[in-house]
Each structure stands twice: as structure tokens, then as C-alpha cells.
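Chain residues, written in single-letter form:
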Amino acid sequence: MSAAERSTPLDKSRSRRRLARELALKGVYQWLLTGHDLAAIEQQLAEEADFPHTDHLLMLELLRTAIRHADAFRAKLAPFSRRAITDLDPIEHAILLIAAAEFAGHPETNHRVIIDEAIELAKRYGADEGYKFVNGVLDRFAKRERAVEFASRS
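Not measured: the values here are computed from a predicted model.

1. Remarks on empty space enclosed by the protein
Right, on to step 1. Within this structure, the stated rule accounts for one cavity of 30 Å³ or more.
Right, on to step 2. By volume, the largest cavity is sized at about 40 Å³.
Right, on to step 3. Arg21, Ile95, Ile98, Ala99, Glu102, Ile114, Glu117, Ala118 and Leu121 are the residues that line the largest cavity.
Right, on to step 4. Sorting the residues of the lining of the largest cavity by element identifies α6 (90-105) and α7 (111-125) as the ones contributing at least two each.
Right, on to step 5. Grouping the constituent residues of the lining of the largest cavity by class yields six nonpolar, no polar and three charged.

2. Some thoughts on helix α3 (residues 38-46)
Right, on to step 1. Among the residues making up α3, those that are buried are Leu38, Ile41, Glu42 and Leu45. Buried residues of α3, seen end-on, are gathered within an arc of 100° and therefore sit on one face of the element.
Right, on to step 2. Where α3 is buried, its residues touch α2 (16-34) and α4 (56-68).

3. Thoughts on the packing of α2 against α4
Right, on to step 1. Look at α2 against α4: their axes get within 8 Å of each other, and the N-to-C directions meet at 30°. The pairing of α2 with α4 is recorded here as roughly parallel in orientation. The two elements α2 and α4 cross, and the hand of that crossing is right-handed. Of the residues in α4, those touching α2 at Arg17, Ala20, Arg21, Leu23, Ala24, Gly27, Val28 and Trp31 are Leu58, Met59, Leu62, Leu63, Ala66 and Ile67.

4. As for the pattern of salt bridges
Right, on to step 1. Taken as a whole and judged by the stated rule, the model has 14 salt bridges.
Right, on to step 2. A salt bridge links Arg64 to Glu42; the nearest nitrogen and oxygen atoms lie 2.7 Å apart. With Arg64 in helix α4 and Glu42 in helix α3, this pair connects stretches of sequence that are 22 residues apart.
Right, on to step 3. Shared partners join several salt bridges into a network, and the residues in it are Arg17, Arg18, Arg21, Asp55, Glu102 and Glu117.

5. Overview of the confidence of the model for the protein
Right, on to step 1. Per-residue confidence for the protein averages 90 on the pLDDT scale, and 90% of its residues sit at or above 70.
Right, on to step 2. Ranking the elements of the protein by mean pLDDT puts helix α1 (residues 3-6) last, at 40, and helix α5 (residues 70-77) first, at 98.
Right, on to step 3. This stretch, residues 1-10, has a pLDDT under 50; its non-local contacts, to residues over four places away or in other chains, come to 21 contacts.

Quick notes on the rules
Residues numbered from 1 in each chain as written. Predicted model: local features only at pLDDT ≥ 70, side-chain atom pairs only at ≥ 80, totals over all residues. Heavy atoms only, no water. 1 Å grid on protein atoms, 1.4 Å probe; cavity = no way out; pocket = protein on both sides within 12 Å on 5 of 7 lines; lining within 4 Å. Points joined across faces, edges and corners; volume = space filled by probe spheres on them. Helix = DSSP H or I, 4+ residues; strand = E, 2+ residues; numbered from the N terminus. Nonpolar A, V, L, I, M, F, W, Y, C, P; charged D, E, K, R; others polar. Buried < 20%, exposed > 50% of the residue type's maximum accessible area, 1.4 Å probe, protein only. Arc of directions from axis to C-beta. Contact = heavy atoms within 4.5 Å. Axes fitted to C-alpha atoms, helices over the stretch in contact; angles between N-to-C directions. Parallel < 35°, antiparallel > 145°, perpendicular 65-115°, else oblique. Left-handed = near helix turned anticlockwise from the far one by under 90°. Salt bridge = Lys/Arg side-chain N within 4 Å of Asp/Glu carboxyl O. pLDDT = per-residue confidence, 0-100.

Put into C-alpha cells, the structure is as follows:
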């Protein structure tokens, strides 16, 4: 992430939940690159300009769950990626972990919302075509994780 993206001023069009996902992304990204402990990352995120406007509970839940269960999420995502999750660009890697955390912890959130939010994060912070990869992996992942949602559409 560039310095400008790390300190973007609040955009009124971004919801508290979207901001929570963005801050969780920043935290997981930092963890992947530095290995800093969770408490230090949480403290740093609390100092972000967008923090007061964020859904704090969602941000902390996604951040903590993605980091604490990273290996399990990587294993669950692996069948849907041609590359090892750990070999991905850290942004796409972090986005997939956050989305997997949201799939696991928020069954009430429609799978399409989770995927769309992940795509938006990838477009904003990831490589030029990274959002296509994120979409493909999460679409296939969702069909397994949310089979009931897909079956009910038939």
C-alpha cells in the first residue's frame, strides 16, 4: 500500500462496514509483511484517520479472526487457487483471509456482499487485475461455504 492509501481522508460514501474491512485489510497486510503482534497492529489502526468512523467491532473481529485462523483459512481457500495463497501478493492474500473470516463469522451476510466488498478492496489497494483473481477464488469458495444460499436460488 502506498503512503497515500494508508492515510486517505474519510470518504463520506464509504460505510462504517466498508471502512472496517479496509482497516482490517491494512492490519492483516501489516501482519503478513512484518509479523508484528496483534496488539501493536490494533494500536496502530486506532490511530488511523478513519478509525472514529469505522464499525470497530467488525474491524476487530475480521482482523483477529483472519490472523488467528490464517492457516485454516489458507487451507480452505487453497483448492480454489492455482497458486499457493502464501505466494500471492500480500494485498490479495490479506483480502482473501478477511473474506474467509467474514464468511466464517457472518453467515447472515449474503455471500455476494462479502465477495463484492473483497473486489472493491482489491480494486482500491491491489494490483491492476488482482480483483479478477479475488473474485474467481471467492466465487468458487462461496459455492462450497454457502451451498445452502446457492441451492435456494435454484
